[in-house]
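# Coordinates in review
Now for the letters of each chain:
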Amino acid sequence: IFDVFIPSRAPLHAIGMVEFAREVENLSDGTLKITIPSAPMAPPPRLFDMVEDGIADIALAPVIYAGKRIQLPSITDVFSLADTAPAASVALWRTYEKYFEAADEWGGVVPITLFTHGDEHLFVKGKGVDSITSVDGIKVVSPSPLHADRIKSLGGVPVGGPAIQMFELINGGVAEAIFVPFGPAMVQGLVGVTDNITTIPGGISRPAFSVIMNRDVFESLTPKQQDAIMQAGGENLAAKLGAIVEAESAAGIEAFTKAGATFTPASTDMVTGLDDRLGFIEENWLKIAEDRGIDGPAALAFYRETVAEMEGN
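Here we summarise the structure given alongside this text.

Criteria and thresholds
Residues numbered from 1 in each chain as written. Predicted model: local features only at pLDDT ≥ 70, side-chain atom pairs only at ≥ 80, totals over all residues. Heavy atoms only, no water. Helix = DSSP H or I, 4+ residues; strand = E, 2+ residues; numbered from the N terminus. Contact = heavy atoms within 4.5 Å. Areas by Shrake-Rupley, 256 points an atom, 1.4 Å probe, with all protein chains shown as cover. Lys, Arg positive; Asp, Glu negative; His and termini not counted. Charge placed at Lys NZ, Arg CZ, Asp CG, Glu CD. Pairing = 2+ DSSP bridges. Axes fitted to C-alpha atoms, helices over the stretch in contact; angles between N-to-C directions. Buried < 20%, exposed > 50% of the residue type's maximum accessible area, 1.4 Å probe, protein only. Expected span 1.5 Å × (residues − 1).

## Digging into the overall build of the chain
Within the chain, the secondary structure is distributed over 12 helices and 10 strands. The dimensions of the chain, computed from C-alpha atoms along their principal axes, are 55 × 40 × 35 Å. For the chain, restricting intrachain contacts to residue pairs at least 6 apart in sequence, the fraction spanning at least 24 positions comes to 77%. Carbon together with sulfur atoms contributes 52% to the accessible area of the chain, which is approximately 12,800 Å² in total. The positive charge centre, built from 22 side chains, and the negative charge centre, built from 41, are 4 Å apart in the chain.

## So, the sheet that holds strand S3 (residues 109–116)
Sheets are built from strands paired through backbone hydrogen bonds, the pairs being either parallel or antiparallel. Judged by pairing direction, the sheet is mixed, and its 4 strands sit side by side in the order S1-S2-S9-S3 without closing on themselves. The sheet is open, and its two edges are formed by strand S1 (2–3) and S3, each paired on a single side. Sheet analysis places strand S2 (residues 58–62) next to strand S9 (residues 208–214), joined by 5 bridges and oriented antiparallel. Pairing of alanine 59 across the sheet is with isoleucine 212, part of S9. Contacting S3 and S9, helix H9 (residues 234–258) crosses the sheet at an angle of about 40 degrees to S3.

## Some details on the pairing of S9
In terms of residue burial, S9 counts as a mostly covered element, since 7 of its 7 residues are buried. Along S9, one buried face is formed by Ala208, Ser210, Ile212 and Asn214 and the opposite face, lined by Phe209, Val211 and Met213, is buried too. Strand direction decides the pairing type here: S3 and S9, joined by 7 bridges, are antiparallel. Across the sheet, proline 111 pairs through a bridge with isoleucine 212, a residue of S9.

## A few points about H9
Between its first and last C-alpha atoms H9 spans 36 Å; for 25 residues at 1.5 Å apiece the expected length is 36 Å, and the two agree. Buried within H9 we find Gly234, Leu237, Ala238, Leu241, Gly242, Ile244, Val245, Glu248, Ser249, Gly252 and Phe256. Immediately beyond the C-terminal end of H9, within one or two residues, lies glycine 260, with a positive phi of roughly 85 degrees.

Following this line, the structure appears as structure tokens:
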């Protein structure tokens, strides 16, 4: 049983997760049958517990909902690390294999792959944002404590709520804005609702996602079945999902453009201000890596080198 919490119409679900399930079945010569329920089995904050408890065997899970246990993949929260989702996703998986795996953060679940969503930009219902000071006082949807810290550092007011409720929160006036990738903004209904978008080079961050499997279930499989899962997963799946994310972002940009949204590129001064105010995220991540016995500076440098290699920089 493979739980996928995002809507079935979203390309990550309809293409990415469905094709992964079929590939596992084919590579295992039909000995593994993967079923994706028609409705999500648990809200995102419960996904890791649900898989660890064996309610579902596999799940698509945002890493941020693993709490303080699984934190090394949050390297992707560092400001403006990559311009494209395929490069960011492959770099994340390779960095996991080279550096993070040794930290043994995952407990009762096995990461089948890691990837990143699109780069997050600021979507606002109402006034446009063209400087750091323009963020002051804006009520911004905050799906997690990290989002809240980030929003506060920029002068905004965090409004707690899951990202999948962004339409209800913003359209209903509870919040005014959200930092989100173009793809989810489109899929979750913000086209025609948020009329001003501040675009940030590389995005303010890239949320890390995982496909996880119950460890006991994985270890009960035959070596051939395990190989089928990891062959369909791993870097292969990271690259595929990254490409889907990138295409979804392009579709989102087109949809918001057709709806008449105003795009405001962040100025050089604004980017400098963002880099300065969000520097604490990189500092905190390096401390986490040190606490887990990982060479954080080396891992971060490897991530950046992998991105540069893939993006041809």
